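# Topology and contacts: notes
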Amino acid sequence: MKTIEVDEELYRYIASHTQAIGESASDILRRMLKFTAGQTAPAAPVNTTVIAGTVAQEKPAAAAAPTSRDKVRAVRELLLSDEYAEQTKAVNRFMLILSTLYTLNPKEFATATDSLTGRTRTYFAGDQQTLLQNGIHTKPKHVPGTPYWVITNTNTGRKRSMIEHIMQFMQFPAELTDKVCGTL
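Presented here is a report on the structure given in the accompanying data block. Here the structure is a predicted model, which means the values were calculated and not measured.

## Observations concerning the side chain of Thr154
Following the sequence through the fold, Thr154 ends up in the loop between strand E5 (149-151) and helix H8 (156-169). Thr154 gets classed as buried once you look at its relative accessible area, which sits at 10%. For Thr154, the residues in contact, after removing those within four places along its chain, are Arg121, Tyr123, Lys159 and Met162.

## So, unusual backbone geometry
Despite not being glycine, Lys139 has its phi angle at roughly 50°, a positive value. Relative to the elements of secondary structure, Lys139 occurs in the loop between helix H7 (128-133) and strand E4 (140-142). The exposure class assigned to Lys139 is exposed, which follows from its relative accessible area of 58%. In the Ramachandran plot, Gln171 falls in the positive-phi region, its phi being about 65° despite a non-glycine side chain.

## Description of the packing of aromatic side chains
All chains considered together, the criterion is met by four aromatic pairs. The interplanar angle of 65° and the centroid separation of 6.0 Å between the aromatic rings of Tyr102 and Tyr148 together place this pair among those described as edge-to-face. Here Tyr102 is found in helix H5 (residues 90-104), whereas its partner Tyr148 is found in the loop between E4 and E5, with 46 residues between them in sequence. The exposure classification of Tyr102 matches that of Tyr148, with both residues buried. Ring plane angle 85° and centroid distance 6.0 Å describe the contact between Phe109 and Phe124, whose orientation is recorded as edge-to-face. Residue Phe109 is found in helix H6 (residues 106-114), and its partner Phe124 is found in strand E3 (residues 124-125); the two are separated by 15 residues along the sequence. Here the two residues Phe109 and Phe124 agree in accessibility, since each one is buried. Taking NZ or CZ as reference, Lys159 lies 6.0 Å from the ring centre of Phe94, over its face.

## Describing the side chain of Lys159
By the element assignment, Lys159 lies in helix H8. Despite its burial, Lys159 pairs with no opposite charge, the nearest such side chain being Glu164 at 15 Å. Residues contacting Lys159, with those up to four places away along its chain left out, are Val91, Phe94, Thr152, Thr154 and Leu184.

## A closer look at the pattern of salt bridges
Going through the model one piece at a time under the given rule, you end up with one salt bridge. A salt bridge links Lys71 to Glu108, with the shortest nitrogen-to-oxygen separation between them at 3.6 Å. Within this pair, whereas Lys71 is found in helix H3 (residues 68-80), its partner Glu108 is found in helix H6, the two being separated by 37 residues in sequence.

Calculation criteria
- Residues numbered from 1 in each chain as written.
- Predicted model: local features only at pLDDT ≥ 70, side-chain atom pairs only at ≥ 80, totals over all residues.
- Heavy atoms only, no water.
- Helix = DSSP H or I, 4+ residues; strand = E, 2+ residues; numbered from the N terminus.
- Buried < 20%, exposed > 50% of the residue type's maximum accessible area, 1.4 Å probe, protein only.
- Contact = heavy atoms within 4.5 Å.
- Phe/Tyr/Trp six-rings, centres within 6.5 Å; stacked < 30°, edge-to-face > 60°.
- Lys NZ or Arg CZ within 6 Å of the ring centre and 35° of its normal.
- Lys, Arg positive; Asp, Glu negative; His and termini not counted.
- Salt bridge = Lys/Arg side-chain N within 4 Å of Asp/Glu carboxyl O.

Honestly, that's just the spatial picture; any functional story needs more than this.
Below is the structure:
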């Protein structure tokens, strides 16, 4: 396995194309490039147009938003997953939950987090610097698979409150919201 460096903007773009929890950057890029293991050259892109010497590829139709049942199933699967069970710190479980919620509906997640602020702090932002400017010792972390950063030095109760707010906004059943918050 080789390591490559990409700038923050490109990383966010790749991460925004995550389709499954735990999907690696390699898997995302293979899917986006239509590249399979053992292939010697990238596959020719589908539906391309050459404009002024550049190749523009049509974007596939956006996938339909997951149904309420699909959203509930995805969150339950997260709670039952080995990856989630192996997390010994609340902050790591918090990050996995946030990643999952974003993946299920990025627009609802964005709206829910926009309205989520403290008395003196901003909890979510599109970059680390914004969070550092709005509080001392915020310990911002990038939420995997999303374009968001979140402060992580809040107590577990505050983390539960943030998850509860987002899940209520995304219209998850109250009992599932309580269960998720109880695992932090």
